[in-house]
Structure formats: C-alpha cells, structure tokens
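Here is how the chains run, residue by residue.
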Amino acid sequence: MVTEEEIEQVSKLMKIDIDNHKEYVEKVHMMINYFDILDSAGVESEEISMPEISISKLRKDEHIPFDDKLIEKLNHYKGTYVRAPKMSS
Amino acid sequence: MTMIGLEIHCQLTNLNSKLFCSCKANYREFEINENICPVCMGLPGSLPKLNQEAVKKATIIAMALNCTTPEKIAFFRKNYFYPDSPKNFQITQLNIYGDTSVGGTGSVMVGDKKIRITRIQLEEDPGRLIYEGSSSKNQITLVDYNRAGTPLVEIVTEPDFETPKEVRDFLNILSDILANLGVADPSLEGAMRADANVSIEGGKKVEIKNIGSFHDLEKAAHFEITRQKSHHSRDIEIIQETRHWDDKRKITISSRSKEEELDYRYFLEGDIPWVKIDPEIQKKLQTEMPESISSKKQRYVSKYNIPAQVSDVLSSDKYYSDLFEEAHTESNAKEVANIITTELMGLVDTREKRKASKFTSTHLRDLADAIQSGKVSRNSSKNALHEILKSGKDLSTVISELDLGNVSDESELSGFITQVISEEPQAVEQAKSNPQTINYLVGKVMQKTKGKADPVMTRDMLKKQIGV
Amino acid sequence: MNLNISALDYIQEVKTGNISAEDFIAKTIERIQSVDDKLHAFLSVNDDAINQARVIDKKIKSGEKVGDCFGMPISVKDNMCIKDSKTTCASKMLENFIAPYDATVISKLKQQDAIFVGKVNMDEFAMGLTTEFSAYGPSKNPWNMECVPGGSSGGSAVSVSALECVASLGSDTGGSVRNPASFCSTVGYKPTYGLISRYGLISYANSIEQIGPLTRTVKDTAFMLNLISGIDPNDNTTMDNKNEDYLSGIESGIEGKKIGIVKEMMGEGIDPAVLTATKDAIAKLEGLGAVCEEISFDMVKYSVAAYYTITATEAGSNLARYDNIRYGYDFPLEGYEFNSYISKARRNFGPEVTRRMIIGGFVPSAGHAGKYFLKALKVKSKLTKEVNDAFKKFDFLISPTVPILPFKLGEKIDDPVSLFLVDINTVTANLTGKPAISIPFANSNGLPIGIQLMADSMNDKSLLQAAYALEQTVSLPEVPI
C-alpha cells in the first residue's frame, strides 16, 4: 500500500515537485500494486547475473582531449564557470 | 574506549586519463572547465568507458595493503543530487552481491599494531564547488568540473584506531606506501583526503566529513573525542550523525541532513559489465609490483650495511629511494645514502623544491664517486650540491667553474708547500722536532688552497720536503 | 518519382544513375511537408539535407568514393545525438539541448553518406508505447489516423511507413521499435544486447535497451545492421561481431529449423484477428519446412512487472542528470536554493515520466528494494535461464509482436496497467538480451499486424534469414496516405 505521504517523500527524494498528489497517488498506486505479482514468482533463491568483460578489453590509459571547447556549448557564467543555485548551509 | 575508523580517498594522480573518459587525470594545470568532455560532464547519451590502468592500479593498492582481490569486480551507482556531480549519481563500488569491490579485507601494520582494512573501492571524484560572495544571502555557487571523473581509490578501515596519533602514524605510512607503489603523489594538493568515524564507549558512531588535510584530521578526531567525552560525562546522548569539520573555527558542526536524502538507492551500473581480473593477470600485477618499503629497508641494511635508521628514512620516501636506487653502485652505496640523508634532505624537503631542483641521480652518483676518490672534499661537495640544484650543470662543470676541485696535482701542490715552508720557518723547525705539529702547516696549505688541497697528499709532501 | 522503394533499391537506382540523391531527397522533403502536418512524425527537419544530397551527387559524378548509403534519407528518433542538432527526447526538459557530439551510430552512418532528414517523435524519454506521451504532441498512425502508431519509436515507424524516409533508427527498451513497427506495418529490429553501440543514445533503461532499425524490408534491416553494428570503444557493453555480413545468405531459408510457439504470448486478451494471423504465420513457416511446437515459459507472466520495476529504477537514475544546471531549458536560478531550484526545474518532465521517476525512487529504495527491485532482477535472471534452455531445443521463438490491434488515441492513456499488457510479448527479448524482429504480416480491416521472431544471443544473422523467409510469403496493401 502506497500512501500519499510516501509519494510525497519519494518525489522529494527524486527532486520533482508535484502539484496534484492525489492523481499521482492513484496511478502510481495502480502501477506498484501490479508489481505485487512478483511476490508469487518464487525466485528468492535465484542469483543475479551480469554481462562480463575481461580487464584486457578495457580502454588504454591515454589522455585524449575532447576536440571542442565543450564549456562554450553548455550554460556558462563568469567566463567558463558553471553556475549552480545557492547551496543551503 | 575510543574507536576511530577512516575512509581515505586517494586520487590515482599518476594515471594519464580519468576513470571513465580520456580527459586528464591530473586536472590541476587547466583553466576552469577546460578538462571536460561529454562523458565526465554526464551529457545525455554519454557512457562511461572504464580505464584499464585504473583497475590495475587499484588492484595493486589492494595487494599492497594485504587485501583479498576478487576475480570479478562490479560497479554500482550511488544516487544523490549535488551540483558537483554531473550525472547526479556517482559510479562507485560496493559488496552487495558478494565481494565485488576491487579490494576485500586486509591489514596494515602501524608499529606493532594491526589496522584492519574493510574494503577498497574504485570510484570517481566529483567536480569542485567554489563559493563567491561574503554572506549566505549574496552567495553564488560556481562549479569547475575539471576534477569530475578523476580516478579515486577509497580505503575503508575498521574502527581500529584508539588515538589521533595512531591515525596520523597510519596515514603517514599509507601515503608512503601509495607513493612507493607509483600510483599517486600524495603530496599533491587534494590528492589524499579522509573522513573519520569517531565513537567513544557507550556512544553512537559520528562521521566527520570535509576534512581538508591529514593534519586537520588529527585535530578533528581530537576535537570530536573531547566533545563526545564531555557530552558523555554530562549524560547528554551522543547521537549517530554526520558532522562537518569547520576549517576556520577548528571544530566539528552537525550537518542536518534529512532522512530521505540518505537513501542512495544503490544498484548495479549496467553500462559497465563485471570486470574479470583472472588469476594470471593478478599474478602478473603482483610480480610487477614495485618492491615494498620494508623490503627495501632490509636490503639497504643487509646488502650495503647502511644503518637501520638511515635505511628507514631512505626507503620510506620514494623520491629519495628512487635516487638511491639509480645512483648507487656496490662501492659507493654508503656514500650515496650519506649524501641523501645528511645533505639533500634539508634542501629538497618539499614537493615544490623537488620540482624546481635540477638534481638527477647522475649528479648524485658523480658526487659520491668524487668524494670517495678524493676529487672533492666533503666540505666542497656541499657547495657543489647547492650549485647543481640551482643550475643542473654536471658535476665536473660545477667543480671547474667554482674551482672546487681538490688540488691533487703534485707540482701545483708543491708550489703551495714551498711557499708555506718559506713563510713559516718557526713552525717548520718545530715540526722537525715534534712531527705531530705538522698539522699546523697542513692547515696553512689548506688555507692557501681554500680547502681544496688533498689533506693526505699535503701531509706526505710536507714530510718529504721538511725531511721528517 | 516513387518514394516507396527499399533502401537497397534506392541505392541501386542512385548507383546506376536512374535517380539522383538530390531529387530523391527533395521529393522526400516535399512528402514530409505535405503529410507530416497530419501525422506529426517529425520534431525537426534537416534544412541542409538537399545540399548534402548535392555533395553526394557530385561525388558520384566525379567518380569519387561514395559511402554505401548514397545519400539515402534516414530519420532518427530524437533520443540519439547528432552533433550540433537539437536532441529533445520529446521532452520540455531538453527543449534547448544541442548535442555537442555524434552518437556512434550517427558517425558510422555519416561515414557511409547517409542523410539524416530529421529527428522523429517519440514518447518522452522513450517511456510509453503509443507516442502519446511526447511533450510535443502525438504522432498518428498512417494506416488509420484515429489510431496510435505505437511507441515509443512512433515517429520512426510513421516516417518509414508514410514514405517520409527510407529507413529510420529507433530504440527498443521493451518493444519500442517492434511495437510501432507492428502497428505501422514496417520491419522493426531489436538486436542482441551489445550488438549496436548505445554511445549517444540517451539512456532510459540502459541495461536492456538497444538501438534498432525500422525499414521496409528485412534485407534493408540486414543492410543497416551491416553499417551500424559492432564493438565500440565508447560503449563497454558492445560485443565483437567480427564484422558479420548480415545480408549474405539471407535467402538461405528455414528448412528443418525448429520454432517454438510461446504459449504465454498467445493467451488471454489476444485479439482474434491477431491470433488468426499468428496461426497463419506458423502454417506458412511450416510450409517452408520449419517444425513448430508449443513452448511455455513460467516467467513470462512476471516479465512485465519485472520490466517496469527495472526500467523505472534505471530511469530514476539516468534522468537524475536533468537538473537544468549545465544544459536544458530557460529557467533562471536567481533566488533559488539548489534543492528547490532543481525540484521546480524538473517539473518540466511530463506526467508519465514523473510517474515512472516516482516509481523509480520507490522500488529500489532501502525499505522496498527487497520486495520489488531485487525480485525483478531475479525474475530477469530466471527468465533468461528459461529462454536459454528453450534455445537448446529451438532455433527461433514465434509470437505476435503485440497481442492487440492498433487502438484509438486516448483509449488507454489513463489506464497504465492495461497499457502494461501491450508489452507482454516484447519485453522478454529485452530482459534476456535476445535479438527479436517484427515482420509486417497481415492487415485486419486496414490495421497492420506484425509477427515477432526471436533468436538466441548473437544469432542475429540466422534470425534475419528466418524473417526474410516469412516476409516472402506476405503480400500487403499500400499505405493509404
């Protein structure tokens, strides 16, 4: 059961303001409820697997500068800084 | 009982490129936001491409700290929002699905005490925030991402330290080890940072972050122990929390982080498959590992008969031990060690001085050989060393330019001797009756040659000419 | 000029001088101008396309070496980066984002003298299967404008189907190429995970998604794969396919091949017309010498729940970078504190993305990961085992691509769970990393039906051979627009 408070807390965690909690609660609730089906899959003992790569296939340690002045294509401020909002103390 | 645990972050400053892209690992010489690319800026569509050498170097560190090294390592995402983190998650390591961090449990000896290592993980450094404006009201936050993605090794210890002094000793040993491995230059600004977990008997664990230097770490630990003990004695509960080190006031301050911000939602980084480091590669890394500090020390003592204390100093600083290794021969080893520990150390004791000096191992070898063969006196060798550090000229040039060479040419020396004999008839007579007093005449010759006369030769020639 | 030709035919015509690249591109642009007001496949059109075609024509005339595409017009889903072009992911969040680099697939196609006629519509950040969740308005199905074109690569399928390009690049996270291909009667391909570099594809659920071509014919798909597949140093998850030629031997046929009919993908809720078409396809394959037999997978039932749990989790993390600080849209930061600024800025995500992000924050969180996220990963592992086992016995698996016919715009938009079930047949290939293809097979009262074939990992070549064989049995009407 997902409560409105939980939704609000998660929206804070994910850093998205939402206006209409009720509407979100309803739909998110429907979706998450559907996930309850996973409880009956009987997979508790299953191991999690991942693709693998050999260390020898990884990138060589070379310095290759990016061929453009990237900062000029991004938001910049006072020369080449990026500006962020004020941080709370 | 006080318990202190550490989380040490060490940049792999000797790598050429960042952990997941080909920007430079050592970001220090760039203009603001000049050392960036779509990958380390986390631009839409970019993917991490793992640096092979970073994995190897991190594995070597794990081996040097006697940690287990798994055959497969995995990367995880640590999710949190902060402006210095371009993706708003950090790629790091964790042991959720078995031991998949680059290093498992290990240990380091600090004197007679064993400090246990919990885990070693390879991860990316964030960018740097710069605050402008005096008050919090007009504060402006600026970000420089040059550092973002720099390869970082995090070494987590068990809470095995009981005093701030033990912490300092450990960190000194650790930074010597890392430098000796050739993986990092711990003397670089910001290359090594540490957080501490401090708790006293009956209290909860308190994490201290934002400690700028090892020196401050000792102070922070000390402050925190005192604070906790004082709380305890007044029956104030010590809560589990994160505190920040206030560099200006030299105190720790509680940072009020909300509960929900602490949920990092760790999960496997799908963009990096599990990396296989099979036994053959591990073996190869092990054999290619630089000789350890303790083994060097032992060798210096047993092979060259260098005193233990000198060997200790020599082996623990990579700069000196490298010089020694390159400069010494079977015959001059002791002299080389002597020059390093008595003369050189006082002259190049900081990273800046080392960088500015033009001194090489060839200089060192020449100098030791020249002293041993009597080409220069020990006295003059100091002047020569100063000049070499400044100019980088080779020893023979320095000797001739500053006229430091020993006067060991017989005809040249005999000129000085004849002069002294004619100027000091009384002393000559005295020497004839009491040969011991010949030293006075030797001294006079030395004066005339500004200390460059070979003393043994001078004495022999004086004796001959006076006839004793 | 006939725009309704395959990529291979186009290349042949240009090579032999029957048509010029410039004429074809000009006609294509005209076509876009005349039909796209109604269809809304394109989010942006390349206004330099005709010039680029001229350059290629010049090269051809002067006998210079010309790339394999000979100026072929390709549309690109707007979640792939083309240097110096707008890449929005159909989101207001990236309204002003100009990509500063080329995706690997884009640089490969540029080298082969392909012309990108434009960026095409999609569900915002590829989250959806109708293209209705585009922040710039839905695309329409050219076969019936009241119906959705499928999604999330809806713009890709519409543009190929409505003759606004010869081929398109889409991306497939849970069916996002195959589903619209099926709804719009084009071929849609989801390769083996790792066959095509994702570098420059804006991640939604990176552990399972792949770029895939949408084309008019199976051969065209093989041709596209030849150009864009292979190991890429910029993507650690790519695999070495040894420069496989997917076109050679494509007519080998499927005699003696074993095909498994997936029981769980033809059951409850399937449209009778889709069922009939699938049975017909099975009969045709048997007629060509294949042996078909039913197979059942226990985990398919849980696959959609696992799929949404995993994709939401990864999306929650992949989309965290959109905080509007380094790039994004105009929204001044003066006066805001960091957390409140980004929380406000991130309101520019549409409702579906917001919902999935909230789920993506919920299911892997400390208190809930064990119930949802970890179980989903385990279902993924077990499903992979089941499918791997099946491929010990079978060469291919068959099912309808989508169990239902294209539906009306707005019909399911408010019912997320009923939309989930539309994915039931396609997500298995993503969760298991297997290649899968949708082949246009039938038409029911003007609405297309696609058949899906799936093969084992790295068996893309034989999968294309089977798809080609099935394709040869089909004769379909022309698109009514």
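Keep in mind it's a predicted model, so treat the numbers as computed, not measured.

How should the overall build of chain A be read in this particular structure?
Helix and strand content of chain A: 2 helices and 2 strands. The order of helices and strands in chain A, counted from the N terminus, is α-α-β-β. Since a compact globule built from 89 residues should have a radius of gyration of about 12 Å, the 23 Å found for chain A marks it as more spread out than a globular shape. Seen through its C-alpha atoms, chain A measures out along the principal axes to roughly 50 × 45 × 25 Å. Taking all 89 residues of chain A together, 33% fall into the buried category.

Please explain the overall build of chain B as it appears in this structure.
Along its length, chain B carries 16 helices and 15 strands. Expected size for 468 residues packed as a compact globule is a radius of gyration near 23 Å; at 30 Å, chain B overshoots this value by more than 25%. For the C-alpha atoms alone, the extent of chain B along its principal axes is close to 95 × 55 × 50 Å. Here chain B holds 468 residues, and 46% of them are scored as buried. A sequence separation of at least 24 residues applies to 67% of the contacts in chain B between residues at least 6 apart.

Hey, could you run me through the packing of helix α13 (residues 410-423) of chain B against helix α15 (residues 438-448) of chain B in this one?
To describe two helices that pack against each other, one gives the angle between their axes and the distance between the axes. All names here are of chain B. Packing of α13 against α15 brings their axes to within 10 Å, and their N-to-C directions diverge by 125°. Accordingly, the angle class assigned to the pair α13 and α15 is oblique. When the axes of α13 and α15 are compared, the crossing they make is right-handed. On α15, the residues touching Phe416, Ile417, Gln419 and Val420 of α13 are Leu441, Lys444, Val445 and Lys448. The residue inventory of the contact of α13 with α15, partitioned by class, reads 5 nonpolar, 1 polar and 2 charged.

Looking at this model, I keep getting lost on the sheet that holds strand β3 (residues 76-79) of chain B. Mind explaining?
The strands making up a sheet are joined through hydrogen bonds of the backbone, oriented either antiparallel or parallel. Residue and element names in this part refer to chain B. Within the open sheet, the 3 strands sit side by side as β4-β3-β14. Their pairing is antiparallel. Each edge of the sheet is formed by a strand with only one pairing partner; in this case those strands are β4 (89-92) and β14 (267-268). Bridging between β3 and β4 involves 4 bridges; their strand directions are antiparallel. Within β4, the position partnered with Phe76 by the bridge is Thr92.

When you look at helix α3 (residues 214-233) of chain B in this model, what are you seeing that I'm missing?
Structural remark: α-helix, 3.6 residues per turn; residues separated by three or four positions point the same way. All names here are of chain B. With 20 residues, α3 should reach 28 Å at 1.5 Å per residue; the first-to-last C-alpha distance of 29 Å fits that figure. Among all positions of α3, only Phe214, Leu217, Glu218, Ala220, Ala221, Phe223, Glu224 and Gln228 are buried. Looking at the buried positions of α3, the neighbouring elements they touch are β1 (3-11), α2 (164-180), β10 (192-199), β11 (206-209), β12 (241-246) and β13 (251-254). Following α3 by one or two positions, Asp235 has its phi on the positive side, about 60°.

What am I meant to see in the confidence of the model for chain B here?
For residues with low pLDDT, the predicted coordinates do not support detailed interpretation. Residues at a pLDDT of 70 or more form 98% of chain B, whose mean pLDDT is 91. Of the two predicted TM-score estimates for the complex, the pTM is 0.92 and the ipTM is 0.96.

Could you clarify how one ought to interpret the packing of α2 of chain B against α3 of chain B in this entry?
All names here are of chain B. Following both chains from N to C, one finds α2 and α3 inclined at 160°, their axes separated by 9 Å at the closest point. Comparing the axis directions of α2 and α3 gives the class roughly antiparallel. α3 is crossed by α2, and the crossing has right-handed handedness. For the pair α2 and α3, the contacting residues are Pro164, Val167, Arg168 and Leu171 in the first and Phe214, Leu217, Glu218, Ala221 and His222 in the second.

Is there a simple way to explain the environment of Glu387 of chain B in this structure?
All names here are of chain B. Relative to the elements of secondary structure, Glu387 occurs in helix α11 (residues 378-391). On the basis of neighbour count, Glu387 is assigned to the partly exposed category, with 18 C-beta atoms found within 10 Å. Distance in space between the C-alpha atoms of Glu387 and Phe359 is 9.7 Å, their sequence separation being 28 residues.

Help me understand α2 of chain B, please; the structure alone is not making it clear to me.
Residue and element names in this part refer to chain B. With 17 residues, α2 should reach 24 Å at 1.5 Å per residue; the first-to-last C-alpha distance of 24 Å fits that figure. Those residues of α2 that sit buried are Pro164, Val167, Phe170, Leu171, Leu174, Ser175, Ile177, Leu178, Ala179 and Asn180. Residue Gly182 follows α2 closely and has a positive phi angle near 75°.

So what exactly am I meant to see when it comes to the interface of chain C and chain A here?
How big an interface is tends to be expressed through the accessible area that disappears when the partners come together. The partner chain A presents 40 residues to the 45 residues of chain C that form the contact. Elements with a minimum of two residues in the side of chain C that touches chain A: α9 (300-318), α10 (338-345), α11 (351-362), α12 (373-393) and α13 (416-420) of chain C. For the side of chain C that touches chain A, the class distribution of residues is 27 nonpolar, 9 polar and 9 charged.

Please explain the domain arrangement of chain B as it appears in this structure.
What the domain assignment lists for chain B is domain 1 (3-283), domain 2 (291-401) and domain 3 (410-466). Each of domain 2 of chain B and domain 3 of chain B has a C-alpha centre, and these two points are 33 Å apart.

Got a minute to help me understand the nonpolar core in this structure?
What tends to happen in soluble globular proteins is that the nonpolar side chains get buried as a cluster. Ile61 of chain B together with Met72, Ile74 and Leu453 of chain C are the most contacted members of the largest nonpolar core, which has 267 residues in total. When residues of this core are assigned to their parent elements, the largest contribution, 10 residues, is made by α9 of chain C. Filtering out sequence-adjacent residues up to four positions away, Leu453 of chain C remains in contact with Phe396, Ile398, Ala436, Ile437, Ile439, Leu463, Ala466 and Ala467 of chain C. Formed by 25 residues, the second largest nonpolar core is a distinct cluster that contains Ile306, Val336, Ala368 and Ile371 of chain B.

What should I look at first to understand the pairing of strand β4 (residues 167-172) of chain C in this one?
Along any regular strand, the residues point their side chains to alternate faces of the sheet. Residue and element names in this part refer to chain C. Of all 6 residues in β4, 6 are buried; the element is thus mostly enclosed. Judged by which residues are buried, β4 turns out to be covered on both faces: Ala167, Leu169 and Ser171 on one side and Ser168, Gly170 and Asp172 on the other are all buried. Bridge count between strand β2 (residues 73-77) and β4: 3 bridges; the pairing is parallel. Residue pairing across strands places Ser75 opposite Ser168, the latter belonging to β4. Note that β4 and strand β6 (residues 210-215) share 5 bridges and pair antiparallel. Bridged to Asp172 within β6 is Gln210.

What's the story with unusual backbone geometry in this structure? I'm lost.
Trans is the common state for peptide bonds, and a negative phi is the common state for residues other than glycine. The omega torsion of the bond from Gly151 of chain C to Ser152 of chain C falls at 5°, within 30 degrees of zero and hence cis. By secondary structure assignment, the location of Ser152 of chain C is in the loop between β3 (115-120) and α5 (154-161). Within the chain, Asn88 of chain B stands out as a residue other than glycine whose phi angle is a positive 60°. Relative to the assigned elements, Asn88 of chain B resides in the loop between β3 and β4. Taking the C-beta count within 10 Å as the criterion, Asn88 of chain B has 22 such neighbours and is therefore assigned buried. Notably, Ala90 of chain C is not glycine yet its phi reads approximately 55°, a positive angle. Within the element layout of this structure, Ala90 of chain C appears in the loop between β2 and α4 (104-111).

What's the story with the sheet that holds strand β1 (residues 42-45) of chain C in this structure? I'm lost.
Residue and element names in this part refer to chain C. In spatial order, the strands read β1-β3-β2-β4-β6-β5-β10-β11-β9-β7-β8; together these 11 strands make up an open sheet with mixed pairing. Of all strands in the sheet, those bounded by a partner on one side alone are β1 and β8 (291-295). Each adjacent strand pair in this sheet contributes to an overall mean axis angle of 30°, direction not counted. Summarising the sheet, strand β7 (residues 258-262) and strand β9 (residues 396-400) pair through 3 bridges and their orientation is parallel. Across the sheet, Ile259 pairs through a bridge with Phe396, a residue of β9.

Just checking my understanding: could you explain the pairing of strand β11 (residues 447-455) of chain C for this structure?
All names here are of chain C. Most of β11 sits inside the fold, with 9 of its 9 residues counted as buried. Residues of β11 alternate between two faces, with Leu447, Ile449, Ile451, Leu453 and Ala455 on one and Pro448, Gly450, Gln452 and Met454 on the opposite face, all of them buried. Where strand β10 (residues 436-444) lies against β11, 8 bridges are found, and the strand directions are antiparallel. Counted as the bridge partner of Ser444 is Leu447 from β11.

Even after reading the chapter, I still don't get the confidence of the model for chain A, so can you show me in this structure?
Counting all residues, the mean pLDDT for chain A is 91, and 98% of those residues have values of 70 or more. Within chain A, helix α2 (residues 21-35) of chain A has the poorest average pLDDT of any element, 87, and strand β1 (residues 52-54) of chain A the best, 97.

How should the environment of Ile32 of chain C be read in this particular structure?
Residues and elements named next belong to chain C. Note that Ile32 resides in helix α2 (residues 21-39). Residues Ile32 and Asp78 lie 46 residues apart in sequence; the distance between their C-alpha atoms is 16 Å. Among all residues touching Ile32, those that are not within four sequence positions of it are Phe42, Val45, Val117 and Glu164.

Procedures and definitions
- Residues numbered from 1 in each chain as written.
- Chains lettered and ligands numbered in written order.
- Predicted model: local features only at pLDDT ≥ 70, side-chain atom pairs only at ≥ 80, totals over all residues.
- Helix = DSSP H or I, 4+ residues; strand = E, 2+ residues; numbered from the N terminus.
- Rg over C-alpha atoms; globule rule 2.2 N^0.38 Å.
- Buried ≥ 20, exposed ≤ 12 C-beta atoms within 10 Å, placed from the backbone.
- Contact = placed C-beta atoms within 7 Å.
- Axes fitted to C-alpha atoms, helices over the stretch in contact; angles between N-to-C directions.
- Parallel < 35°, antiparallel > 145°, perpendicular 65-115°, else oblique.
- Left-handed = near helix turned anticlockwise from the far one by under 90°.
- Nonpolar A, V, L, I, M, F, W, Y, C, P; charged D, E, K, R; others polar.
- Pairing = 2+ DSSP bridges.
- Expected span 1.5 Å × (residues − 1).
- pLDDT = per-residue confidence, 0-100.
- Domains from an automatic or database assignment.
- Core = buried A, V, L, I, M, F, W, Y, C linked by C-beta atoms within 7 Å.

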